[in-house]
Number of protein chains: 10
Amino acid sequence: MDFLVRIDTARVHELPTDELEDITTRERARGRELMAEGVLRHLWSVPGRSANIGIWSAADADALNEALASLPIRPYVDIDVTPLATHPMTAENPAT
Amino acid sequence: MDFLVRIDTARVHELPTDELEDITTRERARGRELMAEGVLRHLWSVPGRSANIGIWSAADADALNEALASLPIRPYVDIDVTPLATHPMTAENPAT
Amino acid sequence: MDFLVRIDTARVHELPTDELEDITTRERARGRELMAEGVLRHLWSVPGRSANIGIWSAADADALNEALASLPIRPYVDIDVTPLATHPMTAENPAT
Amino acid sequence: MDFLVRIDTARVHELPTDELEDITTRERARGRELMAEGVLRHLWSVPGRSANIGIWSAADADALNEALASLPIRPYVDIDVTPLATHPMTAENPAT
Amino acid sequence: MDFLVRIDTARVHELPTDELEDITTRERARGRELMAEGVLRHLWSVPGRSANIGIWSAADADALNEALASLPIRPYVDIDVTPLATHPMTAENPAT
Amino acid sequence: MDFLVRIDTARVHELPTDELEDITTRERARGRELMAEGVLRHLWSVPGRSANIGIWSAADADALNEALASLPIRPYVDIDVTPLATHPMTAENPAT
Amino acid sequence: MDFLVRIDTARVHELPTDELEDITTRERARGRELMAEGVLRHLWSVPGRSANIGIWSAADADALNEALASLPIRPYVDIDVTPLATHPMTAENPAT
Amino acid sequence: MDFLVRIDTARVHELPTDELEDITTRERARGRELMAEGVLRHLWSVPGRSANIGIWSAADADALNEALASLPIRPYVDIDVTPLATHPMTAENPAT
Amino acid sequence: MDFLVRIDTARVHELPTDELEDITTRERARGRELMAEGVLRHLWSVPGRSANIGIWSAADADALNEALASLPIRPYVDIDVTPLATHPMTAENPAT
Amino acid sequence: MDFLVRIDTARVHELPTDELEDITTRERARGRELMAEGVLRHLWSVPGRSANIGIWSAADADALNEALASLPIRPYVDIDVTPLATHPMTAENPAT
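Please read all numbers here as calculations on a predicted model, not as lab measurements. (Residues numbered from 1 in each chain as written. Chains lettered and ligands numbered in written order. Predicted model: local features only at pLDDT ≥ 70, side-chain atom pairs only at ≥ 80, totals over all residues. Heavy atoms only, no water.)

Some words on the overall build of chain A
A count of helical and extended segments in chain A gives three helices and four strands. Mapped in sequence order, the helices and strands of chain A form the string β-α-β-β-α-β-α. Each principal axis of the C-alpha atoms in chain A carries an extent, and together these give about 50 × 25 × 20 Å. Taken over 96 residues, chain A has a buried fraction of 52%. Pairs at least 24 apart in sequence give 69% of the contacts found in chain A among residues at least 6 apart. Surface accessibility of chain A: about 4,400 Å² in total, with carbon and sulfur atoms responsible for 49%. The centroid of the 9 positive side-chain charges in chain A is displaced by 4 Å from the centroid of its 16 negative side-chain charges. (Helix = DSSP H or I, 4+ residues; strand = E, 2+ residues; numbered from the N terminus. Buried < 20%, exposed > 50% of the residue type's maximum accessible area, 1.4 Å probe, protein only. Contact = heavy atoms within 4.5 Å. Areas by Shrake-Rupley, 256 points an atom, 1.4 Å probe, with all protein chains shown as cover. Lys, Arg positive; Asp, Glu negative; His and termini not counted. Charge placed at Lys NZ, Arg CZ, Asp CG, Glu CD.)

Structural data, given as structure tokens:
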């Protein structure tokens, strides 16, 4: 199932510079893994904000929670999760 | 997975009396089926409100959506869904 | 550019049955056109709600506004639009 | 009577590492006691959040307040309490 | 236990005049009974509003719910319930 | 006239331990005086919260403000004040 | 004591034209009386809104409630009341 | 001085078709006059909404209120007004 | 034109004692000047809050902004400004 | 396309004095460049607040995001972005 996930990263930017650089590198690496695994399906920035909006796919809330917990920045972010259901129009057109 | 579901039924009570009686009977019957199937796990009333709070179990958001769509009162209610993940303390004690 | 668009369709369901059937048919047809044109990129239902969440692509806000105005149900829906910017991780991986 | 209780634990994670480990161990022990006593009936994590949602049973608000005050993390959490009443469908099916 | 209960009665005043008079008479009678029984302990008007704020005493949420359901105006009001716990200063001074 | 007063005391608990003990002792003493004077009429705790809800009586907002300013914890609390008017049912039954 | 009172009059304008004219005339007359009595001390319009903001003086909440209840438009308005206390700078300069 | 004005026109679209056409024509004419007078300085649509956001210039709130009251759709719209002050960077560059 | 101005002064009270005394003295002096100039027309305290509500008069938003910027406590306060228009009843009775 | 952008600069004023002076100088310089480039079209202060409201023009959300990221104060501000569409009345009068 898919989830709309908004991650507010403002507190990450309060870390000391070297810690921020290190965590950003590790976060990008973990993000690429989650993309390769098809968990992190789409990702956008929110203009003017330290926040991103993404579409995540996971078997259920436990699997999503595990994926979010694996993010190096997890202790410094606020996350909002909205569960999504298949729309009838997408169901008839599953390749989308 | 489990969901916390709050259903506000205020608009149901604006139906004409006979329609209200009929839909209540059918709603109770469907609710008992969902309970028997283990979908509707727990259900409470909100004191002083035309609303209930329940714990629903379904494979994913699509299965939950289907269960909610099967409620006779569905067109007259407002529903809020919160996805729930297994808590570590419950995981060690799964019989709960 | 992409937009996160949430459309609340609760008022559509207050239309008389025949009008509702007719507008739903026309809405589906228009939706398929917008999908084929790559304007309506992804679409989900919000569990338990008469609402959908989609990712829309348009050159700018005017083009998006025109696409939304072309929806037959436009007079009966409430729409929230969030502009999205390209995320650095998506930029390095544009095929996603 | 039952209560829906949401506990936000974000501030707990701001404690120094050793204090955090100690308080987590004591919290788990106290939680198991409350579960064994039938006070803490059900418990879930909120995906992506440092928060849990639980169903608590207590004779009244005083008894609930006492149970919550016994949590080692009590000084570092924000708690929302919603009182719950028995639903007619549960009343006819008390074993649930 | 005590509850802080706010009842918004604005919709009652939309009833036809004779129905409004009848329901007001019956509501006053039921209110006096609940006061005599010690359920409705204190009651105030909210200045400038069609609303009242009261302190209600009941064994638990079920008993409160039953008392509120017995109000003739129940179908036409919106009710907010806040559970209250005994304050340490009141506990030492129970006659208050 | 009566006021519904909610006092959030969360910041009081951030004081150093000895200062907290001292201020709590003085607060209790002042609270007992206000109760004896009939200013602080009723007082409850909010379950799970560092907050209390009370019914205060004072000639007007100036007298209430003076009473609240006399609380030793005043610099560390957030206070919400709702003015209350006599309800017609209480007016006919003034001994309540 | 003084109160800041905001009155939203949007629903008044939904009355039939002749009823609206009649109630407006009576409202103006009652308003002038309350001004002459020193109850309605200051009155402004909120730009772009069917609403007014005023400073009202009354002995207490009961007296204010009575004054507001005397307004012909009372059944059709929403009213917010904020109690005001004397500011130290005004106290030293009472003629203001 | 300038004002940021948001006008929600959703209720206008509930008018009967011929009334809607007539009021739209008159609204456009009045809008062009206010633009020519330099009162309505800039105007945009809110994508997906029956709402517009504009920059209005008027000597003060009374003059703005008069301009807004002159709009034919005034009885059917909700208006939010935010007063604006000259920014130091604009002050040094007044031709902007 | 008049403005309803609410100033929240909670952060002022976090200043060191001597700085607080000094800024309070200077604030009172500046306040008296603004009152003498007819800019600060009326001022009240909000009961139980570190906040005041006032009626300010200034030619426009720039003049108001300048007056507010002249307050010694300006860097430590949060200010909400509501523009006010002349009410028809006040217009007919300008001496009020 | 145009964007309504509100920038809250309160945290900038918590910087040490020399850092504040330096960043203000650089911010003004960057602001003048963005004005010269036609990106920052209009700018106002919010009376009584450390905040500004502006009209920004950019090809899309990415271009806007880049412009906002170029502001020296970017790490210390909170930004709200509202996308704007061309209004029919402006479309017929493009020189405005």
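Some thoughts on the interface of chain H and chain J
Taken together, the contact between chain H and chain J spans 27 residues of the former and 27 residues of the latter. Between chain H and chain J, roughly 2,600 Å² of surface is buried when both sides are summed, and carbon and sulfur atoms account for 67% of that area. Of all residues in chain H, H:Trp44, H:His87 and H:Met89 give up the largest surface area on contact with chain J, accounting jointly for 24% of the area buried on that side. Viewed at the interface, chain J and chain H are joined by zero salt bridges. Between chain H and chain J we count seven residue pairs in polar contact (both at pLDDT 80 or more) in total. Elements supplying a minimum of two residues to the side of chain H that touches chain J: strand 1 (2-8), helix 1 (17-36), strand 2 (40-45), strand 3 (51-57), strand 4 (78-86) and helix 3 (88-91) of chain H. Class assignment for the residues of the side of chain H that touches chain J results in 12 nonpolar, 10 polar and five charged. Here strand 4 of chain H pairs with strand 2 (residues 40-45) of chain J via two bridges, running antiparallel. Among the inter-strand pairings, H:Thr86 is bridged to a residue of strand 2 of chain J, identified as J:Trp44. (Buried area = accessible area lost by both parts, 1.4 Å probe. Salt bridge = Lys/Arg side-chain N within 4 Å of Asp/Glu carboxyl O. Polar contact = N/O pair within 3.5 Å; in protein donor to acceptor, adjacent residues only side chain to side chain. Nonpolar A, V, L, I, M, F, W, Y, C, P; charged D, E, K, R; others polar. Pairing = 2+ DSSP bridges.)

Considerations on the relation of the copies chain C and chain A
Here chain C sits on chain A after a turn of 180° about the axis and a move of 0.0 Å along it, with an RMSD of 0.0 Å. Within this description, the copies of the chain are treated as partners about a two-fold rotation axis. A symmetric contact is evident, with 100% of the interface residues of chain C recurring at the interface of chain A. (Least-squares fit on C-alpha atoms with pLDDT ≥ 70 in both.)

Observations concerning the arrangement of the chains
You won't find any contact between chain A and chain G; their C-alpha atoms come no closer than 30 Å. With no contact formed, the shortest span from any C-alpha in chain E to any C-alpha in chain H equals 22 Å.

Focus: the pattern of salt bridges
Taken as a whole and assessed by the stated rule, the structure comprises 59 salt bridges over all chains. I:Arg26 is the salt-bridge partner of I:Asp22, the closest N and O atoms lying 3.2 Å from each other. Here I:Asp22 pairs with I:Arg26, and both are found in helix 1 (residues 17-36), just four residues apart, close to one helical turn. Connected via shared salt-bridge partners are A:Arg30, A:Glu33 and A:Glu37.

Concerning the interface of chain C and chain A
Contact residues are listed per partner, giving 27 residues for chain C and 27 residues for chain A. Here chain C packs against chain A, burying approximately 2,600 Å² in sum over the two surfaces, 66% of which is carbon and sulfur. Put simply, chain C and chain A have seven residue pairs in polar contact (both at pLDDT 80 or more) between them. Considering only residue class, the side of chain C that touches chain A consists of 12 nonpolar, 10 polar and five charged.

A closer look at the UniProt feature "domain: Muconolactone isomerase" (unreviewed entry) in chain A
With numbering matched to this structure, UniProt assigns "domain: Muconolactone isomerase" (unreviewed entry) to residues 1-88 of chain A. Structurally, residues 1-88 of chain A is divided into 34% helix and 33% strand, and its ends, taken at the C-alpha atoms, are 15 Å apart. (UniProt positions renumbered as here; feature names shortened; annotations may be inferred.)

Brief notes about the sheet that holds strand 3 (residues 51-57) of chain B
Read around the closed barrel, the eight strands follow the order 1(B)-3(B)-2(B)-4(D)-1(D)-3(D)-2(D)-4(B); overall the barrel is antiparallel. The sheet shows a mean angle of 35° between the axes of neighbouring strands, taken without regard to direction. Of the strand pairs in this sheet, strand 1 (residues 2-8) of chain B and strand 4 (residues 78-86) of chain B are connected by seven bridges, and their pairing is antiparallel. Looking at strand 4 of chain B, one finds that B:Asp8 is bridged to B:Asp78. Contacting strand 1, strand 3 and strand 4 of chain B, helix 2 (residues 61-69) of chain B runs over the sheet at an angle of about 30° to strand 1 of chain B. (Axes fitted to C-alpha atoms, helices over the stretch in contact; angles between N-to-C directions.)

Some words on helix 2 (residues 61-69) of chain H
Every buried residue of helix 2 of chain H is listed here: H:Ala61, H:Leu64, H:Asn65, H:Ala67 and H:Leu68. Take helix 2 of chain H and look down its axis: the buried residues cluster within an arc of 160°, on one side only. Every exposed residue of helix 2 of chain H that faces more than 90 degrees away from the buried side is listed here: H:Glu66 and H:Ala69. Taken together, the buried residues of helix 2 of chain H touch strand 2 (40-45) of chain G, strand 1, helix 1, strand 3 and strand 4 of chain H together with strand 4 (78-86) of chain I. Measuring from the backbone nitrogen of H:Asp62 back to the side-chain oxygen at the start of helix 2 of chain H gives 3.2 Å, which picks out H:Asp60 as the cap. (Arc of directions from axis to C-beta.)

Describing the sheet that holds strand 1 (residues 2-8) of chain G
Taken in spatial order, the eight strands line up as 1(G)-3(G)-2(G)-4(I)-1(I)-3(I)-2(I)-4(G) and close into a barrel, and their pairing is antiparallel. Looking at each pair of strands side by side, their axes are set apart by 35° on average, direction ignored. Note: strand 2 (residues 40-45) of chain I against strand 3 (residues 51-57) of chain I, five bridges, orientation antiparallel. What sits directly across from I:His42, in strand 3 of chain I, is I:Ile55. On top of the sheet, helix 2 (residues 61-69) of chain I reaches strand 1 (2-8), strand 3 and strand 4 of chain I; it is set at about 30° to strand 1 of chain I, its chief contact.

Some words on helix 1 of chain H
In this model helix 1 of chain H runs 29 Å from its N-terminal to its C-terminal C-alpha over 20 residues, within 8% of the 28 Å that 1.5 Å per residue would give. For helix 1 of chain H, the full list of buried residues reads H:Leu20, H:Ile23, H:Glu27, H:Arg30, H:Gly31, H:Leu34 and H:Met35. The buried residues of helix 1 of chain H occupy one face: seen down the axis, they fall within an arc of 135°. Those residues of helix 1 of chain H that are exposed and aimed more than 90 degrees away from the buried face are H:Asp18, H:Glu21, H:Thr25 and H:Ala36. Looking at the buried positions of helix 1 of chain H, the neighbouring elements they touch are strand 2, strand 3 and helix 2 of chain H together with helix 3 (88-91) of chain J. Just past helix 1 of chain H, the residue H:Gly38 takes up positive phi, approximately 75°. (Expected span 1.5 Å × (residues − 1).)

Some points on the environment of G:Leu71
All names here are of chain G. Position of Leu71 among the secondary structure elements: in the loop between helix 2 (61-69) and strand 4 (78-86). Sequence separation between Leu71 and Arg28 is 43 residues; the distance between their C-alpha atoms is 9.3 Å. Leave out the neighbours within four places in its chain, and Leu71 touches Ile7, Glu27, Arg30, Leu34 and Trp56.

Things to note about the side chain of E:Ser57
Residues and elements named next belong to chain E. Within the element layout of this structure, Ser57 appears in strand 3 (residues 51-57). The exposure class assigned to Ser57 is buried, which follows from its relative accessible area of 15%. Here the side chain of Ser57 touches Asp2 through a polar contact of 2.5 Å, side chain to side chain. Residues within four places of Ser57 in sequence aside, it is in contact with Met1, Asp2, Gly38, Val39 and Arg41.

Thoughts on the side chain of E:His42
Structurally, E:His42 can be placed in strand 2 (residues 40-45). According to the relative accessible area criterion, E:His42 is buried, its value standing at 13%. Here F:His42 takes part through its side chain, which lies 3.4 Å from a polar atom of the side chain of E:His42. Dropping the residues within four chain positions of it, E:His42 is found in contact with E:Ile53, E:Gly54, E:Ile55 and F:His42.

Structural notes on the environment of A:Ile23
All names here are of chain A. Structurally, Ile23 can be placed in helix 1 (residues 17-36). Each C-alpha atom, one on Ile23 and one on Asn52, is 16 Å from the other, the two residues being 29 residues apart in sequence. Ignoring anything within four residues of it in the chain, the contact list for Ile23 reads Val12, Leu15, Pro72, Ile73 and Tyr76.

A short note on the pairing of strand 2 of chain J
Across the six residues of strand 2 of chain J, five count as buried, placing the element largely inside the fold. The turn joining strand 2 of chain J and strand 3 (residues 51-57) of chain J, which pair antiparallel and follow one another in sequence, is formed by five residues; a positive phi near 80° is taken by J:Gly48.

Structural notes on the environment of F:Gly38
Of note, F:Gly38 is situated in the loop between helix 1 (17-36) and strand 2 (40-45). In this structure the C-alpha to C-alpha distance between F:Gly38 and F:Ala58, which are 20 residues apart in sequence, comes to 8.7 Å.

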